Each structure stands twice: as C-alpha cells, then as structure tokens.
Amino acid sequence: MLSQQDMLEAERHGKQVRSIYVYEAPVRLWHWVNALAMVVLAVTGYLIGLPPASVPGEAAEHFLLGYIRFAHFTAGYVFAIGLLARVYWALVGNHHARQIFMLPITNKAWWSEVLFELRWYLFLEKHPKKYVGHNPMAQLMMFFFFTVLAFGMVITGFALYSEGAGLGTWSDRLFGWVLPALGGSMQTHSWHRLGMWIMMSFVLVHVYAAIREDIMSRQSLISTMVSGWRMFKD
Amino acid sequence: MTETFYDVLRRQGITRRSFLKFCSLTATSLGLGSAAAPRIAHALETKPRTPVLWLHGLECTCCSESFIRSAHPLTKDVVLSMLSLDYDDTLMAAAGHQAEAILEEVKKKYKGQYIVAVEGNPPLNEDGMFCIQGGRPFVEKLKETCADAKAIISWGSCASYGCVQAAKPNPTRATPVHKVITGKPIINVPGCPPIAEVMTGVVTYMLTFDRIPELDRQGRPKMFYGQRIHDKCYRRGHFDAGQFAEAWDDEGARKGYCLYKMGCKGPTTYNACSSMRWNGGVSWPVQSGHGCIGCSEDGFWDKGSFYDRVTQIKQFGVESNADQIGGTVAAVTGAAIAAHAAVTALARARNKNATNGE
C-alpha cells in the first residue's frame, strides 16, 4: 500500500520536480544519534565480553572496565529511548516514518517490487527504479535486521542490565523474566552478543547499499538523511 | 506426639522461670505489651515442632554432606531442637519396614502440617525404574509423600533443576521436583551442593515465621539467591579496574586478579558464596583461585566450558560461540559486499564503454 503510493509519487514527482521532502527532522536526528549509539554499543559490548589486557598497578588507581560498562549502559539507554521516540514519531510523523515498522505483506505489487529489487541487486535488471522512501527490499531488510533485532537487543540488554541493578528495579520488573526464559544469564549473554554481530553485519550491508544506490540509481540517499530532501538526478 | 519447643527447652535444662522470663522479654522487645507474653508461652508450650521428611532421589548426597556441616546454626540444633527430622534415609537409625512405616505415620498424623525436603530428583523414563527404593520407583514415593505436605524444599541443583543426571542427553529423563509435583509451595535451594548455612537458614526461617521465605521467579529464596556471585565478589575491584588473570600461573593469577577471562561464571550465577563463603566462612572457590563454575544455575553442565567467557551456543548443534558464528556472518557479509561492489564497478564500466561507443 505504502510502496505503491511511494512509487506513484516517485514517478510523478520524478518527472515534474527535482526533489521531494522524505525524512523529517526527528527521523534524521534519530538516525545519526542511533548510529553513534550503535557504534559505542558494539565496541564497548565487544570489550565487555573480551576485555583488553590487564592494566598495571593497583586496582584502586583504575576503573577501565567500569568506564567501558558505563559507556555501554549509557549508550544502551540512548539507543532504547531513541527507539521509543522513533516509534512515537512513526505514529505522528509522515508515512515514510512508518516504513521500517510494518511490512505491506498482503500487497502483491509490493512483493513483486521486492523481487524486482532482488533482480536489480543480482545484476539481472539493467535500470534501477526510483523510490521516495526505502525501496521494498531495503524495507524488508530494515524491518527484520534493524527493527525486530533492535527490540531484541533492548530486551536482552536490559535483562542483563537488571542483573547488576538488582531485584525489584524497573529493569528487573520489566525484563527480568527474559533470563530464565532464554535458559539463564549465560545464554542471554551469548544471544545478546550474537545479536551484536548480526546488527553489525546489517550495518555493513546498509552502508554499502546506501553508497551504491546513491551512485547507481541516480537519486540521493546519503544526503537525504542529512537534509531530508530526496534529489532525483534525471 | 512430637515434642513441643517447651519440652525441648526443658530437656536442655532451662527452668520454667527462665522460660517465662524469655517470653516476657520477647513480647516486650517485639512491642506487643504484657498481654502477649502468656500467648507466646502458650504457643511454645503447645506448638509441636514441625516434622520434616527428607527424601533422597537420584543424587550423590552432597547436599546432606553440606547440611551436616552447618555452623550457624549448628546442624545438631536444627535437627535435634528446631525441627523433628522424622525420616532421612541416610541419617536415621531405623531401617527396612520400620523406617518406611514412619512415612505413613507422619502422613496420617500430620496431614498438611509436615515439610518434605527432597534431595535429588525422580527419573521418569521406563516408569521411573532408574531409581528404586523399598522395591518401588522413587517417583511414586515422592508423589505420595508430597501429597499431604505443607511445603516442599528442593535441596540442591538436582531437585531444583536436574543437575548432572539431567545433562544432555539425560538418558533417565531425570526431572526437577517442581515439574513432577504441582499445587504445593516449592522452595528451590540450588547449588551442587547448596551452602550449609543457606540450607539451615531456609529451614530456620520457615520454622521461626511459619511461612516460606520470599521467592524469586525461579522459586529461590531471595535472601540467598537475590544477587550474583560477581556482585559481592572480593575480586570485583580488579574486574572494574580491568585487571585479569589470563592463565592459571601468570602474574595476574598470583596477584589475585579477577578470573573473568578464565571463564569464571560469577557474573552469571546467583548464589551467596561470595558473601557467606563455605565451611563456616573459611573460603570459597574464587578465594582458592578457581573461577565459579555456576553450579547453582539451571543446566550448568550444558552451558559450554567452565573455562571460557564467550562460550558455546548449543542451539547451533556445533560447538561454536557467539564470536565465531557472528564473526563468520560479518566476514561473509563483508566479502559478499566486496564482490558485489567489484561486479557493480565492472558492469558500470562496461556500460559506459558501450555508451561511449555508440
């Protein structure tokens, strides 16, 4: 439904106007804050599991792992609150803001667009299509490898956070049930870490696809996330 | 008739005068006023000590071995004064039919009043034939004995979670008590074995307040299992500072650095070892230089090696950890991207040449 609307818009506007406003300011701000939080989370999270070499001297003189964990928890809060704010904006923002939260799975045209994009990425299509928002393939990827995974990371993350925060704290009340449900604290740690790797693999694909499409499909992608305007080059 | 607390006190040489003084003092210190003193005396004179039936299923008796070493309170006080341990295969003098008859007697006489303490668990495969007591499967004995109990204490990881006999592939289908007995309050006291003082502490609490202690999501008493080993570990300072032993004989190990990198399961294990310690507070695993193995956690045998931190994820069927799986995913993704970019560049160049040629 959405994608059809987008498609029509893109085709109509693509011919008539040179640019169209896609990402509103809160979405752009969230995108970059979120990206920064994810980098901090991945690096500090990796180091929490496999800490760096021991620091010399007395324990009282250092707080290395303490700071690493502090950075992780702070970035975790930023990530989680950002995600909630993003959900809110999906409700009140324009229809592009809703794209990564739901898939038009009942729409046959949308599925054929997914297939088209798949063929495009497999070099089976010569000319790319233009989209105002995310292309359907990107939307599919975003939904599973970002939105669903992000909620998974927040839930397992705060479950692990509750272990240090203690019984009866808000994180324990909300997410403490996750630990026994996943088979214990150790399992939850392992899944959370695997989630990080999958998220980072998604980041690789995301950045690559954005740069590639920016060059290949003759429409702006990277600058769109800065200015909010999608430019069509022909 | 089982002795009352008053009988026990008198037997230990306390005079009635002292007993009444004690009751008045207790009433005063609790702020209950003078009228409460006779009521306390009455309760202690008439309230029978709670009968406890201690059953042994598939287990190694390490829980009993731990229990009899309790220092605060002394096990003899618990067993001889505080409760009435009417049945315990490994401790009682009676044997044979005489011993088994006690079970029936307590069940009838104290219906709904007695506590069942279970050490070990029932195996369910082959109709429970893997654990036979008195000529019949333990699971039957367990169900019958628990039917009229007031509460059940699951001693140790065996009764609470299954422990080693329930480790994969669990050939006898050893099953934790709370999955066999339903509709009764069950207190899980995991550990292999649990700390002696934790065991006597749970019993003392139940006898003193006549109710079960507050439990967490996994049915464990919050007062002993509310925090991780890691949260109260005396080596925690080294963890926060970033000082770790990297081998069993390196400088860090000698200096008593954190054993996190050696696979210590303290950060993922809920127990009171780091605060209460073992053997009357003498020592505990981390203090003796070996990491925690997480023996009070559900299925701790099946959670990868005791000696690494980022450990195996069994769901993948192969022995690989999050870093191996995730790292492979990331590397394959990276390689695919590089290949895709190369093909894209090639196709683009060819396209340009074609366009230029026209």
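Only a predicted model underlies this, so the values are computations on that prediction, with no experimental measurement involved.

Student: Explanation requested: the overall build of chain B in the structure shown.
Tutor: From N to C terminus, chain B includes 14 helices and 7 strands. Here chain B has a C-alpha radius of gyration of 28 Å; the compact-globule value for 358 residues is 21 Å, and the former is much larger. Dimensions of chain B, computed from the C-alpha atoms along their principal axes, are close to 115 × 50 × 40 Å. Within chain B, buried positions represent 51% of all 358 residues. Carbon and sulfur atoms make up 58% of the accessible area of chain B, which amounts to about 17,000 Å² in all. A distance of 6 Å separates the average location of the 41 positive side-chain charges in chain B from that of its 35 negative side-chain charges.

Student: So what exactly am I meant to see when it comes to the confidence of the model for chain A here?
Tutor: Detailed reading of predicted coordinates is not advised where the pLDDT is low. Of all residues in chain A, 92% have pLDDT values of 70 or greater, and the mean over the chain is 89. For chain A, helix α1 (residues 2–16) of chain A is the element with the lowest average pLDDT, namely 60, and helix α3 (residues 64–92) of chain A is the one with the highest, namely 96.

Student: Which parts of the structure should I look at to understand the interface of chain B and chain A?
Tutor: Where interface size is quoted, it is often the accessible area lost as the parts come together. Taken together, the contact between chain B and chain A spans 47 residues of the former and 48 residues of the latter. The contact between chain B and chain A buries some 4,000 Å² in all, and 62% of this surface belongs to carbon and sulfur atoms. Between the two partners, chain B and chain A, sit 3 salt bridges. A salt bridge links A:E163 to B:R228, with the nearest nitrogen and oxygen atoms 3.9 Å apart. Linking chain B to chain A there are 22 residue pairs in polar contact (both at pLDDT 80 or more). Going through the elements one at a time, α11 (236–241) and α14 (322–357) of chain B are the ones with two or more residues in the side of chain B that touches chain A. Examining the composition of the side of chain B that touches chain A, we find that 15 residues originate from one element, α14(B), more than from any other.

Student: What's the story with the pairing of strand β6 (residues 151–155) of chain B in this structure? I'm lost.
Tutor: Strand residues, when the strand is regular, have side chains that alternate between the two faces of the sheet. All names here are of chain B. With respect to burial, β6 is a largely interior element, 5 of its 5 residues being buried. In terms of strand pairing, strand β3 (residues 115–119) meets β6 through 5 bridges, oriented parallel. Within β6, the position partnered with I115 by the bridge is A151. Strand direction decides the pairing type here: β6 and strand β7 (residues 186–189), joined by 4 bridges, are parallel. Across the sheet, W155 pairs through a bridge with V189, a residue of β7.

Student: Could you clarify how one ought to interpret the pattern of salt bridges in this entry?
Tutor: Between side chains of opposite charge, a pair can form as their charged atoms come close. On inspection of all chains with the given rule, the structure shows 22 salt bridges over all chains. Residue B:E246 pairs with B:K261 through a salt bridge whose shortest N-O separation is 2.9 Å. Here B:E246 is found in the loop between α11 and α12 (251–254), whereas its partner B:K261 is found in the loop between α12 and α13 (273–276), with 15 residues between them in sequence. Among the charged side chains, a network of salt bridges with common partners joins A:E163, B:R228, B:D231, B:R236 and B:D240.

Student: Mind showing me how you'd approach the domain arrangement of chain B here?
Tutor: When its domains are assigned, chain B resolves into domain 1 (1–48), domain 2 (49–225), domain 3 (229–311) and domain 4 (323–358). Just the C-alpha atoms count here: the centres of domain 2 of chain B and domain 4 of chain B sit 64 Å apart.

Student: Looking at this structure, how should I read the environment of A:A75?
Tutor: Residue and element names in this part refer to chain A. Among the structural elements, A75 can be located in helix α3. Given a relative accessible area of 8%, A75 falls into the buried group. Separated by 50 residues in sequence, A75 and E125 have C-alpha atoms that sit 41 Å apart. Beyond its immediate stretch of four places on either side in the chain, A75 contacts A37, V40 and L41.

Student: Quick question: what am I supposed to make of the nonpolar core here?
Tutor: What tends to happen in soluble globular proteins is that the nonpolar side chains get buried as a cluster. By size, the foremost hydrophobic cluster in this structure holds 37 residues, and its most contacted members are B:I153, B:W155, B:V189, B:V198 and B:V202. Contributions of two or more residues to this core are made by β1 (51–56), α4 (62–67), α5 (75–82), β3, β6, β7, α9 (196–209) and α10 (222–225) of chain B. Ranked by residue count, the leading element in this core is α9(B), at 6 residues. Split by domain, this core shows at least three residues from each of two domains, domain 2 (49–225) and domain 3 (229–311) of chain B. Discounting chain neighbours no more than four positions away, the residues touching B:V202 are B:I153, B:I187, B:V189, B:P221 and B:F224. In terms of nonpolar packing, the next biggest core, distinct from the first, is built from 28 residues, A:L41, A:L83, A:L179 and A:M196 among them.

Rules behind the numbers
Residues numbered from 1 in each chain as written. Chains lettered and ligands numbered in written order. Predicted model: local features only at pLDDT ≥ 70, side-chain atom pairs only at ≥ 80, totals over all residues. Heavy atoms only, no water. Helix = DSSP H or I, 4+ residues; strand = E, 2+ residues; numbered from the N terminus. Rg over C-alpha atoms; globule rule 2.2 N^0.38 Å. Buried < 20%, exposed > 50% of the residue type's maximum accessible area, 1.4 Å probe, protein only. Areas by Shrake-Rupley, 256 points an atom, 1.4 Å probe, with all protein chains shown as cover. Lys, Arg positive; Asp, Glu negative; His and termini not counted. Charge placed at Lys NZ, Arg CZ, Asp CG, Glu CD. pLDDT = per-residue confidence, 0-100. Contact = heavy atoms within 4.5 Å. Buried area = accessible area lost by both parts, 1.4 Å probe. Salt bridge = Lys/Arg side-chain N within 4 Å of Asp/Glu carboxyl O. Polar contact = N/O pair within 3.5 Å; in protein donor to acceptor, adjacent residues only side chain to side chain. Pairing = 2+ DSSP bridges. Domains from an automatic or database assignment. Core = buried A, V, L, I, M, F, W, Y, C linked by side-chain atoms within 4.5 Å.

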